[in-house]
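One letter stands for each residue in the lines below.
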Amino acid sequence: LFSATMPREIQDITWQFMQDAAEIDVMPKAEDHPDIDQYIVDCPEKDKLKTIIKIMAKEDLTKVIVFCNTKVTTTKVGEQITAAGVSARVLHGDIGQGTLNKVMDQYRAGKFDVLVATDVVARGIDVDDIEAVFNYDIPKENELYLHRIGRTARAGKSGKAFSLVAYLDRPRMEEIIRYTKIQPSPYEA
């Protein structure tokens, strides 16, 4: 069994059905690590949207992705960002491939500033100039965190990743920190 990522569900199935399996984990080389400044932004759940808008203005960010865990949250956040006067589009698993391609083409062309998405775009999208990624929701899988933040700092560029951490998000974020062995810097919005 070979995989670039190994979510917990697949690991559980693997160990259930494979006998005496050996696990080989290929660690990335230092030069494989993109130049991403990672930040933790402590804020109450109710202030997450306001915090994103504030950081975008403070950092002069015009091309970002905001990741949410569910389709419902993605739609809600997209509507709220648009209502705040920032151009945004939404992508999640219920969006058809034709619409997804159209939205991605518009994003690449700079027709809007914020792509609000579920993990459907955490892998496999090819956009080189994304300035920052926001984790509106902390991902449920450790590896998804790496895929999400890896959407910025592509093609030799630097980028920023902001994780919005409410009180109930703290244990999940601490698990991600242990997994990545990287301590994001605190960020005051």
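Our structure's up above, just so we're on the same page.
The present account deals with the structure reproduced in this document. Fair warning: this is a prediction, and the values are worked out from it, not measured in the lab.

A short note on the environment of Lys-46
For step 1, the next point in the chain: Along the chain, the position of Lys-46 falls in the loop between β1 (35–42) and α2 (48–59).
For step 2, the next point in the chain: For Lys-46, a relative accessible area of 70% translates into the label exposed.
For step 3, the next point in the chain: Residues Lys-46 and Ala-166, spaced 120 residues apart in sequence, show a C-alpha to C-alpha distance of 8.9 Å.
For step 4, the next point in the chain: Separated by 3.3 Å, the side chains of Lys-46 and Asp-47 make a polar contact.

Describing the nonpolar core
For step 1, the next point in the chain: Judged by nonpolar contacts, the single largest core of 23 residues is most densely connected at Val-66, Ile-81, Val-114, Phe-134 and Phe-162.
For step 2, the next point in the chain: Secondary-structure elements contributing two or more residues to this core are β1, α2, β2 (64–67), α3 (71–83), β4 (114–117), β5 (132–135) and β6 (158–165).
For step 3, the next point in the chain: At four residues, the largest contribution of residues to this core is made by α2.
For step 4, the next point in the chain: Contact partners of Val-66, with chain neighbours within four places excluded, come to Ile-52, Val-77, Ile-81, Val-114, Leu-115, Val-116, Ala-117, Phe-134 and Tyr-136.

Observations concerning the pattern of salt bridges
Side chains that differ in sign of charge can pair as their charged atoms come close.
For step 1, the next point in the chain: Enumeration according to the criterion identifies 11 salt bridges in this entry.
For step 2, the next point in the chain: For the salt bridge of Asp-47 with Lys-46, the shortest nitrogen-to-oxygen distance reads 3.3 Å.
For step 3, the next point in the chain: Overall, Asp-47 belongs to the buried group, its relative accessible area being 16%.
For step 4, the next point in the chain: Between Lys-50 and Asp-47 there is a salt bridge, with its nearest N and O atoms 3.6 Å apart.

Here's the deal with the packing of aromatic side chains
The geometry of an aromatic ring pair comes down to the distance between the two centres and the angle between the two planes.
For step 1, the next point in the chain: Taken as a whole and judged by the stated rule, the model has five aromatic pairs.
For step 2, the next point in the chain: Considering the side-chain rings of Tyr-39 and Tyr-187, the 5.2 Å spacing of their centres and the 65° angle between planes classify their relative orientation as edge-to-face. You can see Tyr-39 sitting in strand β1 and its partner Tyr-187 sitting in the segment after β7 (185–186), a full 148 residues away along the chain.
For step 3, the next point in the chain: By relative accessible area, which is 17% here, Tyr-39 ends up buried.
For step 4, the next point in the chain: Here Tyr-187 falls in the buried class, since its relative accessible area comes to 10%.
For step 5, the next point in the chain: Cation over ring: Lys-63 sits above Tyr-107, and NZ or CZ is 5.1 Å from the ring centre.

Scoring rules and cut-offs
Residue indices follow the written sequence of each chain, beginning from 1 at its first position. Confidence filtering applies because this is a predicted model: local features only for residues at pLDDT of at least 70, side-chain atom pairs given and counted only at 80 or more, and all residues used for totals across whole chains, interfaces and linings. As a rule here, side-chain values cover all heavy atoms of the structure and leave hydrogens and water aside. Where helices and strands are cited, they refer to DSSP runs of H or I of at least four residues and of E of at least two residues respectively, numbered from the N terminus. When accessible area is computed with a 1.4 Å probe and restricted to protein chains, residues below 20% of their type maximum are described as buried, those above 50% as exposed, and intermediate ones as partly exposed. N or O atoms within 3.5 Å of each other form a polar contact, as long as, within protein, one can give a hydrogen and the other can take it, and as long as residues adjacent in sequence are counted only when both atoms are side-chain atoms. Put simply, a nonpolar core is a bunch of buried Ala, Val, Leu, Ile, Met, Phe, Trp, Tyr and Cys residues held in one set by side-chain atoms that sit within 4.5 Å of each other. Residue contacts are defined here by distance: any two heavy atoms, one from each residue, within 4.5 Å place the two residues in contact. By definition here, a salt bridge exists when the distance from a side-chain nitrogen of Lys or Arg to a carboxyl oxygen of Asp or Glu is within 4 Å. Planes of paired rings set the category: under 30 degrees apart is stacked, over 60 is edge-to-face and the rest tilted, where pairs are Phe, Tyr or Trp rings (Trp by its six-membered ring) whose centres lie within 6.5 Å. We count a charge as sitting over a ring when the NZ of a lysine or the CZ of an arginine lies within 6 Å of the ring centre and within 35 degrees of the ring normal.

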